[in-house]
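These are the residues of each chain, in order.
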Amino acid sequence: ETGVTQSPTHLIKTRGQQVTLRCSSQSGHNTVSWYQQALGQGPQFIFQYYREEENGRGNFPPRFSGLQFPNYSSELNVNALELDDSALYLCASSITGQGSSYNEQFFGPGTRLTVL
Amino acid sequence: AQSVSQHNHHVILSEAASLELGCNYSYGGTVNLFWYVQYPGQHLQLLLKYFSGDPLVKGIKGFEAEFIKSKFSFNLRKPSVQWSDTAEYFCAVNYKAAGNKLTFGGGTRVLVKP
C-alpha cells in the first residue's frame, strides 16, 4: 500500500459520455501525476498537477483535463469518451520542492474505465 | 522523441532459473532510471532506481539492475526466481529535461512455473 487512493475502482461508460476519476495523494505529497495504461501497454503520462495548476502534459487531447484541490487531491476528467479511452488510469503522488530534480512517485491502484 | 523499449513481451521460466529483462531508452540527456513491478491485482511498486553513482543497483526482493550508459540500457536481473515473482515488469525513465514525469516501456509479463 502506498497511501494513494483512487475512486472508483471500476467504471463503465458509453461513447460520448463524460467521466471524472478521483485521486487522493499520500499524506504530505503536494504533486499528482496521471497516467493511462491501455491493455498490454505501459503507462503513458497524461499530465501533472502542482499548486493546483497543470505542471506538464503528455500527448493527450484537450478533452482530457484535470483539477487539483487545496488538499492536494486531484480529479481527471475526460469528455466525449471514445472506445480507445478504455484503460487503467493511474494516479501517482510525489513531493515537489525538496531541492531534487526528481521526486519518487507513488502509485495508486488505478481506476479501470471501460467505454462501450 | 523520448522512448523506452523492453525487449521481451512475455517470459516463461521455471523456479530457480535466472531472469534477465532488457530495457533500452532513447537518448535525451541526463536520466533517472527505474524498474517497477505490478503483481496481479496490485498497484505498481518500485523495485529499484538509479540516479547516479555505482551503475549496479540492488533493489528489493533480490533484484538488481545494471546501467550501461554507452548502450542506453538498464537491464533487470535476478539470479534465482520464485513463483511469487510472477508479475509484469516495467522499465521507466525520467528524462530530467522533461521535468518530473516518467516514460514507461511496454512491460514484460513474467510467468514463473512452480
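Just so you know, these numbers come straight off a predicted model, no measurement behind them.

## Re the packing of aromatic side chains
No. 1: All chains considered together, the criterion is met by 15 aromatic pairs over all chains.
No. 2: Ring centres of Phe47 of chain A and Tyr49 of chain A lie 5.3 Å apart, and the angle between their planes is 90 degrees; this geometry places the pair in the edge-to-face category. Each member of the pair, Phe47 of chain A as well as Tyr49 of chain A, carries the same accessibility label: buried.
No. 3: Feature note: the residues Tyr35, Phe45 and Phe107 of chain A together with Phe34, Tyr36, Phe51, Phe90 and Phe104 of chain B constitute an aromatic cluster, connected by ring pairs.

## Some points on the interface of chain B and chain A
No. 1: Chain B puts 18 residues into the contact, and the matching count from chain A is 22 residues.
No. 2: In this structure, Lys49 of chain B and Glu104 of chain A form a salt bridge, with 3.1 Å as the shortest nitrogen-oxygen distance.
No. 3: Among the elements of the structure, strand S5 (31-38), strand S6 (45-50) and strand S10 (87-95) of chain B are those that each provide at least two residues to the side of chain B that touches chain A.
No. 4: Looking at the side of chain B that touches chain A element by element, the count peaks at 4 residues for S5 of chain B.
No. 5: Partitioned by chemical class, the residues of the side of chain B that touches chain A number 8 nonpolar, 7 polar and 3 charged.

## What about the state of the cysteines?
No. 1: Using the criterion set out here, one finds 2 disulfides over all chains in the structure.
No. 2: There is a disulfide in this structure between Cys23 of chain A and Cys91 of chain A, and the S-S distance comes to 1.7 Å. Judged by the torsion about the S-S bond (-50 degrees), the Cys23 of chain A/Cys91 of chain A disulfide is left-handed. Of this pair, Cys23 of chain A sits in strand S3 (residues 19-24) while Cys91 of chain A sits in strand S9 (residues 87-94); the two residues are 68 residues apart in sequence, bridging distant segments of the chain.
No. 3: With its sulfur 1.9 Å from that of its partner, Cys23 of chain B forms a disulfide with Cys91 of chain B. Taking the torsion about the sulfur-sulfur bond, which here is approximately -65 degrees, the covalent link between Cys23 of chain B and Cys91 of chain B counts as left-handed. Note that Cys23 of chain B is positioned in strand S4 (residues 23-25) and Cys91 of chain B in strand S10, a separation of 68 residues in sequence. Both residues of the pair, Cys23 of chain B and Cys91 of chain B, count as buried.

## Some remarks on the pattern of salt bridges
All names here are of chain A.
No. 1: Applying the stated rule across the entire model yields 10 salt bridges over all chains.
No. 2: Close ionic contact of Arg22 with Glu75 constitutes a salt bridge, the shortest N to O distance being 3.5 Å. In this pair, Arg22 sits in strand S3 while Glu75 sits in strand S8 (residues 74-78), placing the two residues 53 residues apart along the sequence.
No. 3: Here Asp85 makes a salt bridge to Arg63, at a shortest N to O gap of 2.8 Å. Within this pair, whereas Asp85 is found in the loop between S8 and S9, its partner Arg63 is found in the loop between strand S6 (53-57) and strand S7 (64-68), the two being separated by 22 residues in sequence.
No. 4: Exposure remark for Asp85: the relative accessible area of 3% places this residue in the buried category.

What counts, and where the lines are drawn
- Residues numbered from 1 in each chain as written.
- Chains lettered and ligands numbered in written order.
- Predicted model: local features only at pLDDT ≥ 70, side-chain atom pairs only at ≥ 80, totals over all residues.
- Heavy atoms only, no water.
- Phe/Tyr/Trp six-rings, centres within 6.5 Å; stacked < 30°, edge-to-face > 60°.
- Buried < 20%, exposed > 50% of the residue type's maximum accessible area, 1.4 Å probe, protein only.
- Contact = heavy atoms within 4.5 Å.
- Salt bridge = Lys/Arg side-chain N within 4 Å of Asp/Glu carboxyl O.
- Helix = DSSP H or I, 4+ residues; strand = E, 2+ residues; numbered from the N terminus.
- Nonpolar A, V, L, I, M, F, W, Y, C, P; charged D, E, K, R; others polar.
- Disulfide = S-S within 2.5 Å.

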